[in-house]
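Results of the structural survey
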Amino acid sequence: MSKSVMNVKSNVKTVLDQLKGRKINNIYLVACGGSSAIMYSAKYILDREAKNITSDLYSSNEFIHRNPQQLGKESLVILCSMSGTTPETAEAAKFAKSKGAFTVALTNEPASPLAKNADLYIKYEWGNGVNAFDTNLSVLYQLVFGVLHMAENNEKFGKLVSSLENLQPVYEKALEQEASNARVFAQSHAKEPVIYTMASGSNYGTAYSFSICILMEMQWIHSHAIHAGEYFHGPFEIIDENVPFIILLGLDETRPLEERALSFSQRYGKKLTVLDAKQYDLDGIDEEVKGYIAPLILNRVLRQYAEELAEARNHPLSKRRYMWKVEY
């Protein structure tokens, strides 16, 4: 076991030890942008697994302004910001504490305002060379399942942790499998003015992140993340042979929604990029948590697609017009 994996395990355990004996009635997942996107998978887990604990997901600033009435001493608030400097999220931690809630921050920067404002923080790693176990979504999963194990004796915690420990080779095989597809996608989509993404359930956050963070923020390509369950209630009118879609197929209980949306899209659309978690080698991933793990794999593969797209468009993923450059 690597030192970084041991550190993450130790940090998660420290938080769980602090939560022992504390009554938790509700969990709030609070963040912005890509950090908010990872919370969708955690919300799905809580909906599926929690027996007595309610949960909700908020964009940081709305969390403050909406001021949920149930937020209080029996609340756990989990916040995330890679830099830890996102003003709204740092302020949300302070706000939650003022209401008596216990706050846990996930961040890459231990000295950040978010880490300082929260009761406890867990440092995660970021970047292509990082072990899958140490990434933000993996750490979030460990925390959420750890709380469920502690509070409700959820038996999937151990299976989840061991699956995450086996995730890196799964990543590597999936990236190798998709390498040529990612290059083809990049070349064929380099000049597209709009690209839609679509998914449901635990995978929706992955589609949302790729849409708002990669396509809109980092590539300045018009996009929208369409929920597969909402596709037939308006958005499907946009599909034709010239409109590009990235459609994700996961392994959770909502897969039929994604399959239905794909089936219709294949009848009327031509520019469809389909990433199906069933096509990857999931050796080492426990059957009971495959549906939860799939978004991590799809997200990692999509990052490869993003890097190839940026290269083909000669538009680095680091390029910005407004973010960090002007007041907002």
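All values derive from a computational prediction rather than experimental measurement.

**Section: the state of the cysteines**
In this structure the tally under the stated criterion is 0 disulfides. A disulfide-free cysteine, Cys 32 has its sulfur positioned 10 Å from the sulfur of Cys 80, the nearest such atom. The class of Cys 32 is partly exposed, set by a relative accessible area of 22%. Note on Cys 213: no disulfide assigned, nearest cysteine sulfur contributed by Cys 32 at a separation of 11 Å.

**Some points on the pattern of salt bridges**
One pass over the full model with this rule turns up 18 salt bridges. The residue Lys 20 makes a salt bridge to Asp 17 at a minimum N-O spacing of 3.4 Å. Between Arg 303 and Glu 307 there is a salt bridge, and its shortest N-O distance comes to 3.8 Å. Remark: Glu 307 and Arg 303 occur in helix α11 (residues 290-313); sequence separation between them is 4 residues, near one turn of the helix. Accessibility expressed as a relative area gives 25% for Arg 303, which makes it partly exposed. A residue is classified by how much of its surface remains accessible, and Glu 307, at 29% relative accessible area, is partly exposed. One network of salt bridges, with partners in common, ties together Lys 13, Asp 17 and Lys 20.

**As for the environment of Ser 41**
Topologically, Ser 41 is positioned in helix α2 (residues 33-49). Residue classification places Ser 41 among the buried positions, given a relative accessible area of 3%. Separated by 10 residues in sequence, Ser 41 and Ala 31 have C-alpha atoms that sit 13 Å apart. Aside from chain neighbours lying at most four places away, what touches Ser 41 is Leu 137, Tyr 141, Ser 202 and Pro 295.

**Details of the environment of Gly 158**
Mapped onto the elements, Gly 158 comes out in helix α7 (residues 157-165). Its relative accessible area of 46% is what places Gly 158 among the partly exposed residues. Along the backbone, Gly 158 and Gly 146 are 12 residues apart, and their C-alpha atoms lie at a distance of 8.9 Å.

**Description of the packing of aromatic side chains**
Tallied over the entire structure, the rule returns 19 aromatic pairs. With centroids separated by 5.7 Å and ring planes inclined at 55°, the aromatic side chains of Phe 145 and Tyr 292 adopt a geometry described as tilted. Residue Phe 145 is found in helix α6 (residues 136-152), and its partner Tyr 292 is found in helix α11; the two are separated by 147 residues along the sequence. A residue is classified by how much of its surface remains accessible, and Tyr 292, at 4% relative accessible area, is buried. Aromatic pair Phe 264 and Tyr 268: ring centres 4.8 Å apart, planes at 45°, arrangement tilted. Of the two residues, Phe 264 and Tyr 268 both sit in helix α10 (residues 255-268), 4 residues apart, roughly one turn of that helix. Of the residues examined, Phe 264 reaches a relative accessible area of 15% and is grouped as buried. Ring pairing ties together the aromatic residues Tyr 196, Tyr 231, Phe 232, Phe 236, Phe 245, Phe 264 and Tyr 268, which thus form one cluster. Sitting over the ring of Phe 232, Arg 260 keeps its end group 3.9 Å from the ring centre. Over the aromatic face of Trp 220 sits the side chain of Arg 321, whose NZ or CZ is 4.2 Å from the ring centroid.

**Thoughts on helix α4 (residues 87-98)**
Counted at 1.5 Å a residue, the expected span for α4 with its 12 residues is 16 Å, and the 17 Å between its end C-alpha atoms agrees. For α4, every residue scored as buried is listed here: Thr 89, Ala 90, Ala 92, Ala 93, Phe 95 and Ala 96. In the core, the buried residues of α4 are packed alongside β1 (26-31), α3 (60-66), β3 (75-80), β4 (102-107) and α5 (113-117). Positive backbone phi, at 95°, marks Gly 100, one or two positions downstream of α4.

**Remarks on the UniProt feature "domain: SIS" (unreviewed entry) in the chain**
The UniProt entry lists residues 15-153 under the feature "domain: SIS" (unreviewed entry), expressed in the numbering used here. Helix makes up 45% of residues 15-153 and strand 20%, and the two end C-alpha atoms of the span are 17 Å apart.

What counts and how
Residues numbered from 1 in each chain as written. Predicted model: local features only at pLDDT ≥ 70, side-chain atom pairs only at ≥ 80, totals over all residues. Heavy atoms only, no water. Disulfide = S-S within 2.5 Å. Buried < 20%, exposed > 50% of the residue type's maximum accessible area, 1.4 Å probe, protein only. Salt bridge = Lys/Arg side-chain N within 4 Å of Asp/Glu carboxyl O. Helix = DSSP H or I, 4+ residues; strand = E, 2+ residues; numbered from the N terminus. Contact = heavy atoms within 4.5 Å. Phe/Tyr/Trp six-rings, centres within 6.5 Å; stacked < 30°, edge-to-face > 60°. Lys NZ or Arg CZ within 6 Å of the ring centre and 35° of its normal. Expected span 1.5 Å × (residues − 1). UniProt positions renumbered as here; feature names shortened; annotations may be inferred.

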